Amino acid sequence: MQQQAPMRNSPSKIVSGGYSRNFTDTVWSPFVKSGFGISPNRSYAVFSLLILLIVGAFISTRLLLDPTALIEKEAVTTTNTKTETASPNYPRPATIITQNPREFTLHCSGNETTGTCPRNNYPTTVSFKEDDSTHSSTTATCPDYFRWIHEDLRPWEKTGITREALERAKKTANFRLAIVGGKLYVEKFQDAFQTRDVFTIWGFLQLLRRYPGKIPDLELMFDCVDWPVVKAANFAGANSPSPPPLFRYCGNEETLDIVFPDWSFWGWSEVNIKPWESLLKELREGNEKTNWINREPYAYWKGNPLVAETRQDLMKCNVSEEHEWNARLYAQDWIRESKEGYKQSDLASQCHHRFKIYIEGSAWSVSEKYILACDSVTLLVKPHYYDFFTRGLLPAHHYWPVREHDKCRSIKFAVHWGNSHIQKAQDIGKAASEFIQQELKMDYVYDYMFHLLTEYSKLLQFKPEIPQNAKEICSETMACPRSGNERKFMTESLVKHPAQTGPCAMPPPYDPASFYAVVKRKQSAATRILQWEMKYWSKQNQTAS
């Protein structure tokens, strides 16, 4: 019988010689230790329990009869617990600047093809007023999803990361990246799809320019393929080795891959998607063109349906002579778009429906952040993967969950509910776009990279060194020889001067109680929405018969 994989996204414990997840024991151990359930006033306890059950039944009945009750409760909960689920101090504290910082642009001399980095005057270090940014009370607090950094690195909490473990990650990696003395070195193993590796490495370089002299020495392996491969079940036994530390863009419940911001934050040249900082501004301006109430009252999706069966299944929900599922779905032909100058794929011009659908492709999709930024209600088909920020999203607050195996009926109900509860639907759309605009701005993307790499470096049990077959890479050797969108997007996303304030302050790791509260809130909201949906379709069937 196949061994069941441990739960991926939970505080975990280390078993001697191996790694395993056992969140249930951790959560309930305080109750067991305190003798929960044993009392000298046993009859009083039983009586109290009966009263609680009766009250609970009454509340549950009300929620089933009144579908708006939970959303009202969620809104109150969000207001009352904002400090636990969002960054209480963003944006960053104002800094008085007497003059604009000196900017350092690319120095393209024509000799970059030799692979030699020019020795320019870019600062090699930077100091802040609060040099200890991790503990400074005046530094902005990082968004709550930064807490997952602790969880992603927990498999190596007790054992650390050895040279042997790192080398085992080479099996599927596209490249090894080393930072030594503030300089970046890359050893390439195999080509990545399109320019994923190129713009990922570019992102590392911009981090070094943003925080010169602040990134510790390290070595890591990076896999640019979508699917996570480090299976948690393979490292759960008492005598199992520690898992290989492998960086990639997404993970799932059964794997231990370390998630990292994807390449598209610096631009996706092949499909003309601009770097995130400029695109985020365009998305905000696009939202202002059409108010939510004046948008088309349907669910919109545009993408490539050929990459996954679940997307082909979604296309069955399109409007037809036989069915109206409240969805407007369009297949994206990227080859045709490239020939026509991408006139029909401008992301900032696609915020014209009240609802937008997010559905995974062969794995996670970079489109999620663009969809969430639209002020529309994101109808999120049950995902199997997560990236570095999506674990901070809450159902019924940032998005509306859609069933994977009954998409059409689930979408139809979601649109019906939203058009019947206009203010609450707008609140969900606005909460998502504010999350993207405020908590996923480029400042925080770089800070996530900073904290992840800093915490990762602390686990290394060896001294990082320049790999024998590696080449030094700098912004000039990457950008200057390139042309077209690659050169354009690199120039546009170039960090031109060091940051003037330190990175945000890392939130603490989850304790079992706070983690369980987040999980319970997500599960209860999703379950309640499913109950509303089933009740809706039960009434529809009764009416039809």
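Provided above is the structure to which this section pertains.
Described in the following lines is the structure provided in the data block. All values reported here derive from a predicted model rather than from experimental measurement.

What counts and what doesn't
- Residues numbered from 1 in each chain as written.
- Predicted model: local features only at pLDDT ≥ 70, side-chain atom pairs only at ≥ 80, totals over all residues.
- Heavy atoms only, no water.
- Axes fitted to C-alpha atoms, helices over the stretch in contact; angles between N-to-C directions.
- Helix = DSSP H or I, 4+ residues; strand = E, 2+ residues; numbered from the N terminus.
- Parallel < 35°, antiparallel > 145°, perpendicular 65-115°, else oblique.
- Contact = heavy atoms within 4.5 Å.
- Nonpolar A, V, L, I, M, F, W, Y, C, P; charged D, E, K, R; others polar.
- Pairing = 2+ DSSP bridges.
- Buried < 20%, exposed > 50% of the residue type's maximum accessible area, 1.4 Å probe, protein only.
- Expected span 1.5 Å × (residues − 1).
- Disulfide = S-S within 2.5 Å.

Where helix α12 (residues 407–420) contacts helix α13 (residues 422–439), the axes come no closer than 5 Å and their chain directions differ by 110°. Judged by the angle between their axes, α12 and α13 are roughly perpendicular. Between α12 and α13, the residues in contact are W417, G418, N419 and S420 and I422, K424, A425 and I428, respectively. Of the residues belonging to the contact of α12 with α13, the class tally is four nonpolar, three polar and one charged.

Another aspect to go through is the sheet that holds strand β13 (residues 471–473). Strand order in the open sheet formed by six strands is β7-β6-β5-β3-β4-β13, with mixed pairing between adjacent strands. Two strands in the sheet have a free side with no partner beyond their single neighbour: β7 (258–259) and β13. By the bridge criterion, two bridges tie strand β5 (residues 218–222) to strand β6 (residues 246–248) in an arrangement that is parallel. Bridging from a neighbouring strand, F222 pairs with F247 of β6. Packing against the sheet, helix α7 (residues 196–210) makes contact with β3 (175–180), β4 (183–188), β5 and β13, and its axis sits at approximately 165° to β4. Strands β5, β6 and β7 of the sheet are contacted by helix α14 (residues 442–459), whose axis makes an angle of about 110° with β5.

Turning our attention to the pairing of β5. The side chains of a regular strand alternate between the sheet's two faces. Of all five residues that make up β5, five are buried, and the element is covered over most of its length. Alternating positions in β5 separate into two faces, L218, L220 and F222 on one and E219 and M221 on the other, with burial throughout. In the sheet, β3 pairs with β5 via five bridges, with the strands oriented antiparallel. If you follow I179 over to β5, its bridge partner there is L218.

What follows deals with α14. An ideal rise of 1.5 Å per residue puts 26 Å on 18 residues; α14 measures up with 26 Å between its terminal C-alpha atoms. Counting buried positions along α14 yields 15 of 18 residues, so the element is predominantly enclosed.

Once that is clear, we can look at the state of the cysteines. On inspection of all chains with the given rule, the structure shows five disulfides. At a sulfur-sulfur separation of 2.1 Å, the disulfide partner of C317 is C408. Linking C317 and C408, the disulfide has an S-S dihedral of approximately -90° and is accordingly described as left-handed. With a gap of 91 residues between them, C317 in the loop between α9 (309–314) and β9 (327–331) and C408 in helix α12 connect regions that are remote in the sequence. Side by side, C317 and C408 carry an identical accessibility label, which is buried.

None of this, on its own, says anything about what the molecule does.
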